[in-house]
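Letter by letter, the chains look like this.
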Amino acid sequence: GFFQSYAVEVDVKDASNATCLYAKWMMRFLIKYETNSSDYKNASLDLSSNVTHNGSVCGNDTQAALLAVQFGEGHSWSVNFTKTNETYQGDFITFTYNTNDTAVFPDAKRKGPITIVVQDTMRPVQLNNVFVCHNTDFFEAENVTQIFWNVTVQAFVQNGTISKKESRCRADAPTSAPTVPPTIANVTTASTTTLSPSPTTAPRPVENPETGNYSLKSGNKTCLLATVGLQLNVSQDKPLLININPKTTSADGTCGNTTATLKLNDGNSTLIGF
């Protein structure tokens with residue numbers, strides 16, 4: 001469940017060579033695609049070290065700002081920002097992945113670029129404030145999960161200087177540390193970050209996990225029910241067992257005609273998706 005990814009840093013300049021849009025973040029994409037044999041495979045698309053930001057736009061009172069990046073074999077991602085007299089916020093996120101990239105999408109049935117658009121759930125940020133979110137956030141649409149973490153962004157930068165004032169996302173608490181986003185593993189995804197115990201500390205026995213009741217609604221109807229006790233066994237230098245506490249774990253997700261997704265978040269550093 002652990003991996004490394006490149007951070008993206010984009011500094012867009014205006015005609016006077018002053019910074020007008022700045023962002024630094026990390027992201028990853030989990031994509032389910034159909035193969036020539038009509039089954040489905042899961043692909044993980046990470047950023048490479050070679051990222052361009054062609055087409056990024058500063059924006060103004062009448063034009064939206066655009067943060068656009070291109071990477072790998074024909075993949076691209078962008079988000080546009082709109083502003084009012086006092087705030088700015090993300091509007092829509094556009095992601096294009098290219099299934100001609102056989103290293104990522106071997107034996108893909110559908111060839112060529114595929115584009116999806118999702119609405120950004122970013123809250124309005126005061127002008128001259130930097131939006132910061134260390135914790136993991138993600139969007140799901142059309143068999144694609146977009147994962148973001150360690151985000152710093154300021155649109156409509158004033159006087160070419162990045163502000164020292166921060167607006168934090170809801171997930172960031174004063175003492176929270178950056179979470180590690182999930183990786184894909186067949187039907188279950190999981191991730192966790194933890195501090196390793198000191199060599200002289202004897203490991204405490206882990207009790208059986210408490211059973212939790214989790215449910216999702218589609219409109220007024222319950223569309224998914226799960227009664228389950230969950231324990232993660234993480235393989236690293238020293239085996240790590242983590243019980244998921246249903247009292248502090250929230251359930252989210254989606255129900256469709258042929259698929260359903262259940263996402264459990266313990267509010268600290270563990271995210272599990274079924």
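Residues numbered from 1 in each chain as written. Predicted model: local features only at pLDDT ≥ 70, side-chain atom pairs only at ≥ 80, totals over all residues. Heavy atoms only, no water.

**Examining the overall build of the protein chain**
Along its length, the protein chain carries 0 helices and 21 strands. Of all 274 residues assigned to the protein chain, the portion counted as buried reaches 41%. The long-range share in the protein chain, meaning contacts at least 24 apart out of those at least 6 apart in sequence, stands at 54%. Summed over all atoms, the accessible surface of the protein chain reaches about 15600 Å², with 47% contributed by carbon and sulfur. (Helix = DSSP H or I, 4+ residues; strand = E, 2+ residues; numbered from the N terminus. Buried < 20%, exposed > 50% of the residue type's maximum accessible area, 1.4 Å probe, protein only. Contact = heavy atoms within 4.5 Å. Areas by Shrake-Rupley, 256 points an atom, 1.4 Å probe, with all protein chains shown as cover.)

**Side note on the packing of aromatic side chains**
In this structure the tally under the stated criterion is 10 aromatic pairs. Measuring from centroid to centroid gives 5.5 Å for Trp 25 and Trp 77, while their planes differ by 40 degrees, and the two rings are tilted. Here Trp 25, found in strand S2 (residues 19-34), pairs with Trp 77, found in strand S6 (residues 75-83); they are 52 residues apart in sequence, far enough to count as distant. Residue Trp 25 is classed as buried on the basis of its relative accessible area, which comes to 3%. (Phe/Tyr/Trp six-rings, centres within 6.5 Å; stacked < 30°, edge-to-face > 60°.)

**Digging into the nonpolar core**
Of all hydrophobic cores here, the largest spans 46 residues; its most connected members are Trp 25, Trp 77, Phe 81 and Phe 95. Among the elements that line this core, the one with the most residues is S2, at 8 residues. Setting aside anything within four residues of it in sequence, one finds Trp 77 in contact with Trp 25, Met 27, Phe 29, Leu 67, Ala 68, Val 69, Phe 71, Ile 93, Thr 94, Phe 95, Gln 146 and Phe 148. Listed in part, the 13 residues of the second largest apolar core include Leu 216, Leu 230, Ile 244 and Leu 262. (Core = buried A, V, L, I, M, F, W, Y, C linked by side-chain atoms within 4.5 Å.)

**Structural notes on unusual backbone geometry**
Positive phi, normally seen in glycine, also occurs at Asp 107, with a value near 65 degrees. For Asn 159, which is not glycine, the phi dihedral falls at a positive 60 degrees. Structurally, Asn 159 can be placed in the loop between strand S12 (144-155) and strand S13 (166-168). For Asn 159, a relative accessible area of 78% corresponds to the exposed category.

**Observations concerning the pairing of S12**
Of all 12 residues in S12, 10 are buried, a share of seventy percent or more. Pairing of S2 with S12, which is carried by 10 bridges, proceeds in the antiparallel orientation. Looking at the pairing, Arg 28 lines up with Ile 147 of S12. Bridge count between strand S11 (residues 137-141) and S12: 5 bridges; the pairing is antiparallel. (Pairing = 2+ DSSP bridges.)

**Let's talk about the pattern of salt bridges**
Summed over the entire model, instances satisfying the criterion amount to 7 salt bridges. A salt bridge links Lys 83 to Asp 61; its shortest N-O distance comes to 2.8 Å. Residue Lys 83 is located in strand S6, and its partner Asp 61 is located in the loop between strand S4 (51-52) and strand S5 (65-71); the two are separated by 22 residues in the primary sequence. Here Glu 140 and Lys 263 are joined by a salt bridge, their closest N and O atoms 3.7 Å apart. (Salt bridge = Lys/Arg side-chain N within 4 Å of Asp/Glu carboxyl O.)

**As for the pairing of S5**
In terms of burial, S5 is largely enclosed, as 5 of its 7 residues are buried. Relative to S5, S4 is paired through 2 bridges, and the arrangement is antiparallel. Pairing of Thr 52 across the sheet is with Gln 70, part of S5. Here S5 pairs with S6 via 7 bridges, running antiparallel. Pairing of Leu 67 across the sheet is with Val 79, part of S6.

Purely geometric numbers; function is a separate question.
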